[in-house]
Amino acid sequence: MVVELWQGCSIERITIGATVDKFRINDSMIEVMKGRKNSMIKEFKSTSASLVKVFELYENNVLSRGSSSLEIIAESYRNARNTEKQYEYSYLHQKELTKNIAKITKRIFPRLLQITCGYGYKPERGVYTLFAIWLIFTILYSMFLLVPGFGLATNGKEISGWIGIPYSMYFSAITFTTIGYGDVVPIDWVTRFLAGLEGIFGISTMAIIIYALTKHD
């Protein structure tokens, strides 16, 4: 069975009671779509359609789970003013799109967005990333403090040993946030390189967090 709704259709409610091989909607509006217990839609396609409450049908009765399907579910939840579910499916939609990118090089930036902020739909990941970077560089600086001639110095005096861990924590924080008071400084080229790298990570992470917090779909 194939069901097609073309231009200008406006339907308040549809209930699917059988197996539908293809359900296509083009330039139409459906208020509510539901499916009975044993019914299913094998393939669902929508073009320029307004679908308000179809998420229940999608989650229970639609077999296809491609990127277009996930986008329709997200749009339906948006129309139903359910922001939490909208963001959940928008994230899954973006994740599916990233999988479909053929070239690995073009997948790098989307993958970074996925890890660090969930494409803008999971801003809490940005906070986790921030603390992870701060901790990693704190450990690296602390390791260099054990090697004479490497690491950090304050007031012209080299910091050495495990007693310098609080200095490493402090230096990592002001470097990540690009404050750089200058009271604690790197004394070798390796530590300077790490500090520069952390500064780049800091600016990038802050930008991603701002992007995630201000994203509206």
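Quick note: structure is the one above.
Residues numbered from 1 in each chain as written. Predicted model: local features only at pLDDT ≥ 70, side-chain atom pairs only at ≥ 80, totals over all residues. Heavy atoms only, no water.

**Topic: the overall build of the protein chain**
This is how it is decided: Going along the chain from the N terminus, every DSSP run of H or I of four or more residues is numbered as a helix, and every run of E of two or more is numbered as a strand. We compute the radius of gyration from the C-alpha atoms alone; for a globule the expected value is 2.2 Å times N to the 0.38, where N is the number of residues. Here the term buried applies to any residue with accessible area under 20% of the maximum for its type, exposed to any over 50%, and partly exposed to those in between, with areas from a 1.4 Å probe on protein chains only. By definition, residues are in contact when any of their heavy atoms lie within 4.5 Å. Each accessible area is a Shrake-Rupley estimate made with a 1.4 Å probe; only the visible protein chains count as cover when residues are assessed. Charge counting treats Lys and Arg as positive and Asp and Glu as negative, with His and both chain ends excluded. Note on charges: their place is set at NZ of Lys, CZ of Arg, CG of Asp or CD of Glu.
Counting its regular elements, the protein chain contains seven helices and nine strands. By the compact-globule yardstick of 17 Å for 217 residues, the protein chain is too spread out, its C-alpha radius of gyration being 26 Å. For the protein chain, the spread of C-alpha atoms along the three principal axes comes to 80 × 30 × 30 Å. Every one of the 217 residues in the protein chain was classed for burial, and the buried ones make up 38%. Considering only residue pairs separated by 6 or more positions, the protein chain has 40% of its internal contacts joining residues 24 or more positions apart. Counting only carbon and sulfur atoms, one obtains 60% of the accessible surface of the protein chain, whose full area is about 12700 Å². Positive and negative charge centroids in the protein chain, built from 24 and 19 side chains respectively, lie 5 Å apart.

**Digging into the packing of aromatic side chains**
What counts, and what does not: Stacked, edge-to-face and tilted labels apply to pairs of Phe, Tyr and Trp rings (six-membered ring for Trp) whose centres lie within 6.5 Å, assigned for plane angles under 30 degrees, over 60, and everything in between, in that order. Lysine and arginine charges are scored as sitting over a ring when NZ or CZ, respectively, is within 6 Å of the ring centre and within 35 degrees of the ring normal.
Under the counting rule described, the total for this entry stands at seven aromatic pairs. With a centroid separation of 6.2 Å and 45 degrees between ring planes, the pair formed by F137 and Y141 is classed as tilted. Here F137 and its partner Y141 are both found in helix 5 (residues 124-144), four residues apart, which amounts to about one turn of the helix. Neither F137 nor Y141 differs from the other in exposure class; each is buried. Their ring planes at 70 degrees and their centres at 5.0 Å tell us that Y141 and F171 sit as a pair that is edge-to-face. Separated by 30 residues along the polypeptide, Y141 in helix 5 and F171 in helix 6 (residues 165-176) bring together distant segments of the chain. The buried category is assigned to Y141, whose relative accessible area is 0%. Members of the aromatic cluster, each reached through a chain of ring pairs, are F137, Y141, F171 and F201. Over the ring of Y91 we find K122; its NZ or CZ atom is 4.8 Å from the centre of that ring.

Function cannot be inferred from these measures alone, as they are strictly geometric.
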